[in-house]
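Structural description and commentary
Okay, here's what each chain looks like letter by letter:
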Amino acid sequence: MEGDVIRKEEAVREPLHGLRKGEVKSKDSSLPECAKLGGSEPIALHSDGDVVIGGFFPLHYVASKPEYSYNSKPQVTSCSGLYHTAFHWMMTMIFTVDEINRNSSLLPGVKLGYRIMDSCDHVHTSLRALFSLISYSETVKKTAETENSRIQTEGLNMAGMKRKPGMISSAEKRHAEVNMPKPRGLKDAENYMKEKLTVEIKTREYSPCLNYSPVPAVIGLASSTPTRAVAHTLGPFNIPLVSYFATCTCLTDKHLYPSFLRTVPSDLFQVRGLVKLVTFFGWFWVGTIGATDDYSLYGIQAFSIQFGQQGGCVAFHLTIPTSPTVAEIQKMADKLQRSTARVVVVFAKDVNLLDLFLELSRRNMTGIQWVVSEAWMTASQLTTPDFHNLLEGTLGFSFPGVSIPGLKEFLLNVRPSPKPGMEFVNMFWEEYFGFDKNNLGAVKKTVCTGSEDLSYTDSSYSDVSQVRISYNVYKAVYAVAHALHTFLNCNSTGPSGGLCEMHSSFTNGQFLQYLKMVNFTNQFDEKVYFDSNGEPVPLYDIINWQKDSKNEISFVKVGSYDGSAHEGQQLQILKNTIVWTTRQSQVPVSQCSAPCPPGSRQATRQGEPKCCFDCLPCADGEISNQTGSTECIKCPEYFWSDKEKVKCVAGEEEFLSFNDTMGIILVAITLLGFILTTIITIVFHSFRYTPIVKANNSEISFLLLLSLKLCFLCSLVFIGQPSWWTCRLRQAAFGISFVLCLSCLLVKTIVVLLAFHTNVPASRGRMLFGTSQQRILILCTTAPQIFLSTGWVLGAPPFPFRNSNYQAITGKIVVECKEPWPPGFYLLLGYIGLLAFVCLLLAFFGRKLPDTFNEAKLITFSMLIFWAVWISFIPAYVSSPGKFSVAVEIFAILASSFGLLLCIFVPKCYIILLHPERNIKKGMTGKNPR
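Residues numbered from 1 in each chain as written. Predicted model: local features only at pLDDT ≥ 70, side-chain atom pairs only at ≥ 80, totals over all residues. Heavy atoms only, no water.

Next up on the list: the pattern of salt bridges. Considering all chains together, one arrives at 19 salt bridges under this definition. Across the pair Arg-362 and Glu-359 runs a salt bridge, and its minimum N-O distance is 2.6 Å. Of this pair, Arg-362 and Glu-359 both sit in helix α11 (residues 350–362), three residues apart, roughly one helical turn. Relative accessible area serves as the criterion here: at 59%, Arg-362 is assigned to the exposed category. The exposure class assigned to Glu-359 is buried, which follows from its relative accessible area of 10%. Among the ionic pairs, Arg-363 bridges to Glu-359, the shortest N-O distance being 2.8 Å. (Salt bridge = Lys/Arg side-chain N within 4 Å of Asp/Glu carboxyl O. Helix = DSSP H or I, 4+ residues; strand = E, 2+ residues; numbered from the N terminus. Buried < 20%, exposed > 50% of the residue type's maximum accessible area, 1.4 Å probe, protein only.)

Next comes the structure, spelled out in C-alpha cells:
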C-alpha cells in the first residue's frame, strides 16, 4: 500500500519536475501563454546563498483589504503600523544565518542565504508573499540559465576554451577568485578574464541544484491563522514550515499540515497550565478576552472546556473585532466594569488589545488581575506609564528566555541603505527616529542621515536581556541548519574533502524527513528536537509584571510550568514573590458567590452558572467540614451532627430513664398501685374470716392480689436502659402476671355462675368445682403462657438494640429491646386477650344474678376497662416513636391493673371498712333490710 502511494506521488511529481526543468518538448504556440505581471512583487529582504531559506515576519500589523476590480492590474496592498518587536525577530534570523555561515563545522562549503517577506499578520498578504517567495526561486533559476548561456557564449568566443566537466561550490568559487593572479598587462588581463569566466561558467552550470533550487524550508509565521493558510499550501509539496510563534492546537493535525513544525509549544499545554494556574490561586469565576483569529478562538474554547471540568465558570467572554469601533470598545469596557469577576484570562495579541486597554486606562479602571497567554506577556508596548495602574501585577505564561551572545551588538549596528532589498530596514529607521527619507521638504521633518545611533535608544528592539520569541527564531534557523548538515552529508570525508555534498535535490521531500529527525543540544544546553507532531518540549516561564526602582515595568519570573513533567510536579510557583494588581498583599478574590462556610452546602441558582449559588445549612445528621462544600455528608450510623453541623459526634442515646419526668411519674404510679394492692391485701388478711372475704374462695382473692402486685412491679422492668436480662424478663413477666391475674378472675366468674345456675345443691356444686379444681384450672390456664414465654426467651430472646431509625427525626438513638421473633409478642398478647374475652363473656352472663354483692358485675366492669385499655394500646404503641412506645405499654399495664384492682377490691374494702354491718352472711344474701 505504501509503495503504491509513493509510486503515485512520484508519477504526479515527475511531470511537475519536467515542467520546472523546461523539458516540455512541444507546445501549441496558438494558445495564450500565462506570464507574470511585473511591478507586483512584494518587498523582500534578500541575501544570496547556496541554500536560501524563506522567512515570514509580521513587520506590519495592519493590512489593508485587497480590492479587485478585474479591470486593471492588481496592485500590492500596502501595510501599516510597523511592529518593532517583529523587526527584532527578523533581525535575529539574519543574525543567526550569519552566525551559521561563520561556523566552519556546521555547513562547511555551503553559504546559507535568506529571503524574508512581510506577512502583515494577515492571510492574503501571507499567501501573496508565499507565492512570491516560491516563484522567485523559479525566476532566478530561469534568469540563471539565460545568463549561463550568455556567459558560455562570451567565454567561448573570447577564449576559445572548452567546458571541462566538474563542479564547483560557491566556497570554491570564492577561493578561486581570491587566488587568481592579478592582471598586469593586456595578455594577463585576457588570461584573467578567461579564468574568471571559467569559474563563473562552472558555478552557474553545475550547481543549480543548490543555487537555484526551490526554497527548502520556510521560517514562520507568528500568528496561527495565516500560518494555517501557508502550512496548508506548503504541505502537499513537502516544504517544511517551521513556526516560532504559532501556537494554535489546530496546527497539530498532521493530515492537514504534514510539513508543519514549530519551536514553540502548542496551546494545548499552555491551556492546561493556565487552568492549573488559576485554580491554584482559587479563581473559579473569571472572564475571558480573545480576538477573532484562530489563536484566540481555539485557545479560549480549550480553556473554557478544561476550566469547566475543574469546576470553574466563565463569567463573560469578550471578542475583540479586527478593527473595533469606538462604540464596540466602550461596550466591552462597560461589561468589564460591571462584572463581578476580578480575574480576566486573555488569549490575544497586544495589538488587538491596545484600543481596549486605552479605554480602560482612560476610565482609570483598576483592580483586575490579568492572567495572560504568551502572546503579549512580554509585549513592551503595553508597559508604558499609561498602562501601569491597569496592568501592574499581570501574571501569565511566557517562553523561556536567554541572552544570545553578540545579538545586541548586531542589532545596534543596523543601518539604513538606499540599496535594493533594504526597504524594511529603512522603514524601521524612519519609524523609529521619526524621519522621512523620501520627504526632504516636509515641515518639522529632518533629513535621515542614517548615522543615528541605536545604542542611545531604549526600546523593545534593543532589549536583548531575555529574548524569548527571538530565541524560538534562533532555534528554528539552527534546526534547519542541522537538518541541512545531515541532508548534505557534511560529515563526509570523501572526494568533497570535508565539504557538504552539493548534488542533493530538495524536490522530493526528503529534506522534511531530515528536519523532523533533528536532535541537537545548542549552546544554552537545551535539547532541540521535534516529537511525532512536530512539537518541542512544552516549557514555560511564569512572569509577573512588577515595577522596578526606576518605576518601570519589568518582567519577573515567579514560577515555571513543564508540560512534560509528572502530574503534581508541572506547576512550580514562588507565591511570595508575586506582586498582585494594585499592589495587594493578599491573593485577589474573584467569585460570584462567597464560598459556603462549614456546616452548609451550595445550592445553585436556577438559570445561573454553577459558581453563583446560595448557601443552605446541612440537614440534621449531615455535616460539611470544608469551606465551599457542594454536598453535605451524612453521618455514619449511631453518629449525629453537632450543633454547628461541622462534625459527627456519637449519637445521644435515648430510653425511658428513671430520671426522666415521664419515668418518675410512671414509677410513682407503679409504686402507688403496688402500695394500694398491699394495703388491700393487709385489709383482706385482717378480715379473712368475714363473709365478704370468704365468699368465692379467699385463696383465689389473695392469689389475684399477688398477681396484681406482679403486674404493677413488672412495669418497672420496662423503665431504665435496656440490658440483656431486662429485655428477656420484661415481656415474660408481663405476660405471665396478666395471665395469672385473668386466670383468677376466670375461676371467680365460673364459681359465681355455678353457684347460681346449677340445679344441684350448693354443697354438690362446691364438690364439682372445689378448691382443688379451681387451682388446677388456674394452673392449666397459666401454663400455656409460661411455656410460650419460656420458649420465646430461650429460642429467640429479645436483646438490647440501638435503633437509629428515629435519628433523622429526633437526632437521638433509641436504645430498645429488639424482638427477633415478633410473632412471640403477638401470641403472648393474643393469649391474654383470649382469657380476657372469656372472662368478659362469662361475667356478662352473670351480671344480673340476685346477690347483694354481685361480683360478676364487678368483673364485667373490670374486663370492659381492660379491653378498652388494650384496644387503644395497639394503635398508640405502633405510632409512638422511641421511648414513648415503652411508656404506652407501661401505661396500658398500669391502667388495666388499676382497673382490676379498683373494680374488684375497692368496693369490698368499702364494705369491710366503712359498712361492717353489711359484712354478714345475711347481708351478703340480701335478706336484711338496707
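Next, the rest of the story.
If you walk through the whole model with that rule in mind, you get 41 aromatic pairs. Arranged with centres 5.5 Å apart and planes meeting at 50°, the rings of Tyr-295 and Phe-347 form a pair that is tilted. Pair noted here: Tyr-295 is in helix α9 (residues 294–309) and Phe-347 is in strand β11 (residues 343–347), with a separation of 52 residues, a long-range link. The exposure classification of Tyr-295 matches that of Phe-347, with both residues buried. Their ring planes at 65° and their centres at 5.1 Å tell us that Phe-357 and Trp-370 sit as a pair that is edge-to-face. (Phe/Tyr/Trp six-rings, centres within 6.5 Å; stacked < 30°, edge-to-face > 60°.)

In a beta sheet, neighbouring strands pair by backbone hydrogen bonds and run either parallel or antiparallel. If you walk across this open sheet you meet the three strands as β25-β27-β26, and the pairing is mixed. Two strands close off the open sheet at either side, each with one partner strand: β25 (652–654) and β26 (799–803). Across the sheet, the axes of successive neighbouring strands diverge by a mean angle of 35°, strand direction being ignored. (Pairing = 2+ DSSP bridges. Axes fitted to C-alpha atoms, helices over the stretch in contact; angles between N-to-C directions.)

With respect to the helices and strands, the residue His-124 is situated in helix α3 (residues 123–159). You can call His-124 buried: its relative accessible area is 19%. Contact partners of His-124, with chain neighbours within four places excluded, come to Ala-63, Ser-64, Lys-65, Pro-66 and Thr-77. (Contact = heavy atoms within 4.5 Å.)

A few words on the state of the cysteines. This model, assessed by the stated rule, comprises nine disulfides. Covalently, Cys-313 is tied to Cys-611 through a disulfide, its sulfur atoms 2.1 Å apart. Judged by the sign of its S-S torsion, about 90°, the bond between Cys-313 and Cys-611 is right-handed. Here Cys-611 lies in the loop between β19 (600–604) and β20 (613–617) and Cys-313 lies in strand β10 (residues 313–320), a separation of 298 residues in the sequence. Looking at Cys-313, the relative accessible area reads 5%, which means it is buried. A sulfur-sulfur separation of 1.9 Å characterises the disulfide bridge that pairs Cys-490 with Cys-500. Disulfide Cys-490-Cys-500: the torsion about the S-S bond is 110°, which places it as right-handed. Here Cys-500 lies in the loop between α15 (469–487) and α16 (510–516) and Cys-490 lies in the loop between α15 and α16, a separation of 10 residues in the sequence. Taken individually, Cys-490 and Cys-500 each receive the classification buried, so the pair is uniform in this respect. (Disulfide = S-S within 2.5 Å.)

Positionally, Gly-673 belongs in helix α17 (residues 661–686). When near neighbours in sequence (up to four residues on either side) are disregarded, Gly-673 contacts Phe-712, Phe-898 and Leu-901.

On to the packing of α17 against helix α27 (residues 906–914). Remark: α17 packs on α27, axes separated minimally by 11 Å, with the N-to-C direction vectors making an angle of 50°. As the angle between them shows, α17 and α27 are arranged oblique. For the element pair α17 and α27, the recorded crossing hand is left-handed. The segment α17 lies against α27, with Ile-680, Val-683 and Phe-684 engaging Lys-908, Cys-909, Ile-912 and Leu-913. Residue composition of the contact of α17 with α27, by class: six nonpolar, no polar and one charged. (Parallel < 35°, antiparallel > 145°, perpendicular 65-115°, else oblique. Left-handed = near helix turned anticlockwise from the far one by under 90°. Nonpolar A, V, L, I, M, F, W, Y, C, P; charged D, E, K, R; others polar.)

For Asp-121, the position within the fold is in the loop between β5 (112–118) and α3. Residue classification places Asp-121 among the buried residues on the basis of a relative accessible area of 18%. Of the polar contacts made by the side chain of Asp-121, one reaches the side chain of Lys-349; its length is 2.7 Å. The contacts of Asp-121, once residues within four sequence positions are left out, are Pro-58, His-60, Ser-223, Pro-226 and Lys-349. (Polar contact = N/O pair within 3.5 Å; in protein donor to acceptor, adjacent residues only side chain to side chain.)

All right, on to the nonpolar core then. In this structure, Trp-89 and Leu-107 are the most contacted members of the largest nonpolar core, which totals 102 residues. With 13 residues, the single largest contributor to this core is α15. In contact with Leu-107, other than residues within four places in its own chain, are Ile-100, Leu-112, Ala-481, Leu-484, His-485, Cys-490 and Cys-500. In this structure, Val-667, Val-683, Cys-839 and Val-886 belong to the second largest nonpolar core, which totals 62 residues. (Core = buried A, V, L, I, M, F, W, Y, C linked by side-chain atoms within 4.5 Å.)

Quick look at the sheet that holds strand β6 (residues 218–219) now. Reading across from one edge, β1-β5-β2-β6-β7-β8 is the order of the six strands in this open sheet, with mixed pairing throughout. Among the strands making up the open sheet, the edge pair consists of β1 (44–47) and β8 (260–262). Against the sheet, helix α2 (residues 84–102) contacts β1, β2 (51–57), β5 and β6, and its axis sits at roughly 170° relative to β5. Contacts between helix α7 (residues 224–234) and the sheet are confined to β6, β7 (241–243) and β8, with β7 contributing the most and set at about 160° to the helix.

For α27, the full list of buried residues reads Lys-908, Cys-909, Ile-911 and Ile-912. End-on, the buried residues of α27 take up no more than an arc of 160°, which puts them together on one face. (Arc of directions from axis to C-beta.)

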